[in-house]
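Analysis of the macromolecular model
So the chains spell out like this:
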Amino acid sequence: MLLRNAVLLAAVVALSMSPMISASAAVAAPASVAAQAKVLTPKATIDTLDAALLKAMQGGSKMGYQGRYAVVSPVVRKVYDFDRIASLTLGSHWSKLTPAQQKEFVGVLADYTAATYAARFDNYEGEHFAVVNSETMQPGTEGVFSTLTMHNGKVHRFDYLLQQQDGQWRIVNVVADGVSDLSLKRSEYNETIKSKGFPALIAHLKAQIAQYASETR
């Protein structure tokens, strides 16, 4: 099963490869600052995310949506490569956006990801995360396979694809119970841009974020 998941993640990379050009490259940190940043292993990167999600779950309704968002948002922005995800998600549409539009999309995508976690990981009943395996796909690309065991014994799989850039390992895709988040976003977002335009996609994501904030306890 782990091998099959690894092949699936590798296929996502092969089908979605594009130049690693950051939307924020013009404001990259000086090399001396980057060198001082703590470099996490792929497994440690996922452990960091899982710890934040567990803290949000344990906070639950007492912490509230805004409190959970405050916990997960800085971690999500640290462990995900949203510049990379944005370009992979939009495909050929990415290069057609202005630098300002690219920056806007990256920011909204990060907000949406954090909001989704804050809304969905809102209760704790003894659940626990575990990293099962870590496997090198190719130089600079790692698959980390983890589980979330529910209080009733049901196990959910979260298979992460991480790539290394500037010495840091960051998530570029998540396959949750066999469903690729990147593939879902590519299909939905490109169809929205094609039929309604880029402003409609941004408005749609912001509306979902607002809905999470207003309806989640």
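The structure under discussion appears in the preceding block.
Please read these numbers as outputs of a predicted model, since none were measured by experiment.

Rules used in this analysis
- Residues numbered from 1 in each chain as written.
- Predicted model: local features only at pLDDT ≥ 70, side-chain atom pairs only at ≥ 80, totals over all residues.
- Heavy atoms only, no water.
- Helix = DSSP H or I, 4+ residues; strand = E, 2+ residues; numbered from the N terminus.
- Buried < 20%, exposed > 50% of the residue type's maximum accessible area, 1.4 Å probe, protein only.
- Contact = heavy atoms within 4.5 Å.
- Areas by Shrake-Rupley, 256 points an atom, 1.4 Å probe, with all protein chains shown as cover.
- Expected span 1.5 Å × (residues − 1).
- Arc of directions from axis to C-beta.
- Phe/Tyr/Trp six-rings, centres within 6.5 Å; stacked < 30°, edge-to-face > 60°.
- Axes fitted to C-alpha atoms, helices over the stretch in contact; angles between N-to-C directions.
- Parallel < 35°, antiparallel > 145°, perpendicular 65-115°, else oblique.
- Nonpolar A, V, L, I, M, F, W, Y, C, P; charged D, E, K, R; others polar.

Broken down by element type, the protein carries seven helices and five strands. With 217 residues in all, the protein has 45% of them scored as buried. Long-range contacts, defined as pairs at least 24 residues apart, comprise 62% of the intrachain contacts of the protein with a sequence gap of at least 6. Here the protein has roughly 11,000 Å² of accessible surface; of this, 57% comes from carbon and sulfur atoms.

This part is about helix H6 (residues 181-196). For H6, with 16 residues, the first-to-last C-alpha span of 22 Å sits near the 22 Å given by 1.5 Å per residue. Residues of H6 that are buried: Leu-182, Lys-185, Tyr-189, Asn-190, Thr-192 and Ile-193. The arc that holds the buried residues of H6, viewed along the axis, is 155°, so those residues lie on one side. Away from the buried face of H6 by more than 90 degrees, exposed residues Ser-187 and Lys-194 are located. One or two steps after H6, the chain reaches Gly-197, where phi turns positive at roughly 100°.

Time to look at the packing of aromatic side chains. Considering all chains together, one arrives at eight aromatic pairs under this definition. On the basis of an interplanar angle of 90° and a centroid distance of 6.2 Å, the ring pair of Phe-105 and Tyr-189 is categorised as edge-to-face. Of the two residues, Phe-105 sits in helix H5 (residues 99-120) while Tyr-189 sits in helix H6, which places them 84 residues apart along the sequence. Assessed through its relative accessible area of 0%, Phe-105 is described here as buried. Between Tyr-117 and Phe-121, the ring centres sit 5.6 Å apart and the planes meet at 55°, which makes this aromatic pair tilted. Each of the two residues, Tyr-117 as well as Phe-121, counts as buried. What links up through ring pairs into an aromatic cluster is the set Tyr-80, Phe-82, Tyr-117, Phe-121 and Phe-129.

In this section: the packing of helix H4 (residues 82-90) against H5. Their axes nearest at 9 Å, the elements H4 and H5 cross at an angle of 105°. Taken together, the axes of H4 and H5 lie roughly perpendicular to each other. Here Phe-82, Asp-83, Ile-85, Ala-86 and Leu-90 of H4 come into contact with H5, specifically with Phe-105, Val-106, Leu-109, Ala-110 and Thr-113. Tallied by class, the residues present in the contact of H4 with H5 amount to eight nonpolar, one polar and one charged.

What is shown is where atoms sit, not what they do.
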